[in-house]
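One-letter residues, chain by chain:
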Amino acid sequence: MFFIFYTYIIYPFILLIRSKLFPKPINKQYCDILPMVSIVIAARNEEKNIEKRINNLLELDYPSARFEIVVVSDGSDDNTNQIVRECAARSALVRIFVCAPSRGKASALSKGVREAQGEIIVFADCRQWFDRRVVMELVANFNDPQIGCVSGELVFVEQRASTIQKEMGVYWRYEKMVRKLESQGGSVVGATGAIYAIRRELYKDIPAETILDDVLLPMIIVMQGQRCVFDPSAVAYDTVSKDMRSEMTRKIRTLAGNWQLLKIAPELMSPLQDSIWWCFLSHKIFRLLVPFWMLSVFFANFFLAGLFFTITLVAQLVFYGVAVAAYLKPEFRELRPVSLIYFFVNLNYAVLLGTWCFFSGNTAKTWRKVA
């Protein structure tokens, strides 16, 4: 029970105390002399999104002579390549590089960085869209020489078709609170994949099979003695998953990716190599263990006598009973406490599925796109 509460409650509380006692402010400055910026996008079969995405980036509030858009098409077999080439014909800021056959997102990102001309690299996805001042806000952080990576903020817009909008809103506010506290006291564990920037000189190629580039790359930069910070003024927008099934698909991929980090980068857990190893374990790895702790608490409770343990057993039975009722009767989810319990149980169920995907070698399944 302690580890469950530590992961979701005690750890953020410790971060809060640390940020008050030992704050690490960021010397963010807006300067007239702006660095060259390359926005790198790895795309695969994005004919529905890519033109709108490029048009959004061309409207950014940043001097056109000081940025470029590098699109790496990773084995696309739809009209993605043709659409990007048409955009490149209209604007000299757009460049396209084609990888065939597909080599994976990590390899596509490495290709994009190698071809990029900017000293600051901004990574972006195809589905989201940026606020006009995103690049200006991200770049201002790099005037602090201790900053090597900056994560922006992802804001979910309202979508009436979504059945989990309220639950996602609560979860994402919690997650952003944790990242903000980590940043205020040192470095964030990873970045928001849809919007983050790094110093090009700090980039190192990552394994081709990497699922979570937005965690591994920032952590590599932290291990080089630089900070990874969270800047809520650099905003990207996205829509909420339409239902729990779609969100589960995304979560399974992310959680399998967390397990993968332990395999491809075990040094992330080393106090000698990773200055924020404790945060990495608390934020990323302990969450992978929570469902196993929950199951242990539940089954152990049946063998413990006394009033206190009777109360805890009844409380658990009610907790999981509410989640089952919400699954069988969706109308129950209109009640906020019920919807939060349902979402939390599903989140930890996704951990179990992500664990199975990774250890059974089926991580390829987690790359399926969600409509």
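It should be noted that the structure appears before, not after, this text.
About the thresholds
- For every chain, the first residue of its written sequence is number 1, and the numbers climb from 1 along that sequence.
- This being a predicted model, a pLDDT of at least 70 is required before a residue's local features are given, and a value of 80 or more before pairs of side-chain atoms are given or counted; all residues contribute to the totals for chains, interfaces and linings.
- Side-chain figures throughout are based on the complete set of non-hydrogen atoms in the structure, without hydrogens or water.
- By this definition, two strands are paired if DSSP reports at least two bridges between them.
- Helix and strand definitions follow DSSP, with helices as H or I runs of at least four residues and strands as E runs of at least two, each counted in order from the N terminus.
- Two residues form a contact once any of their heavy atoms are found within 4.5 Å.
- A fitted line through C-alpha atoms represents every axis, and for helices the fit uses only the stretch in contact; the resulting angles, taken between N-to-C directions, go from 0 to 180 degrees.
- Residues belong to one nonpolar core when they are buried, are Ala, Val, Leu, Ile, Met, Phe, Trp, Tyr or Cys, and are joined through side-chain atoms within 4.5 Å.
- Only protein chains enter the accessibility calculation, which uses a 1.4 Å probe. A residue is then buried if its area is under 20% of the maximum for its type, exposed if over 50%, and partly exposed in between.
- What makes a salt bridge here is a side-chain nitrogen of Lys or Arg within 4 Å of a carboxyl oxygen of Asp or Glu, nothing more.

### Structural notes on the sheet that holds strand β1 (residues 37–43)
1) Next: Taken in spatial order, the eight strands line up as β3-β2-β1-β4-β7-β6-β8-β5 in an open sheet, and their pairing is mixed. Two strands close off the open sheet at either side, each with one partner strand: β3 (94–99) and β5 (129–130).
2) Next: Packing of helix α2 (residues 50–58) onto the sheet brings it into contact with β1, β2 (67–74), β3, β4 (120–124) and β5, and relative to β2 it is tilted by some 165°.
3) Next: Packing against the sheet, helix α5 (residues 134–141) makes contact with β1, β4, β5, β6 (147–157), β7 (195–199) and β8 (227–239), and its axis sits at approximately 170° to β8.

### Examining the nonpolar core
1) Next: Core analysis: the largest hydrophobic core is formed by 71 residues, its most contacted members being F123, I198 and L216.
2) Next: The greatest single-element share of this core, amounting to nine residues, is contributed by helix α9 (residues 277–301).
3) Next: The contact partners of L216, leaving out residues within four places of it in the chain, are I206, P207, T210, L261, I264, A265 and L268.
4) Next: Core analysis: the next-biggest nonpolar cluster, separate from the first, contains 40 residues, C87, L93, M136 and V150 among them.

### Let's talk about the pattern of salt bridges
1) Next: Summed over all chains, the structure comprises 14 salt bridges.
2) Next: The shortest N-O distance in the salt bridge between D61 and R133 comes to 3.6 Å. Of the two residues, D61 sits in the loop between α2 and β2 while R133 sits in the loop between β5 and α5, which places them 72 residues apart along the sequence.
3) Next: Judged by relative accessible area, R133 falls into the partly exposed class, the value being 32%.
4) Next: Salt bridges here are not isolated pairs; linked through shared partners, they connect K28, D61, R133, E137 and D231.

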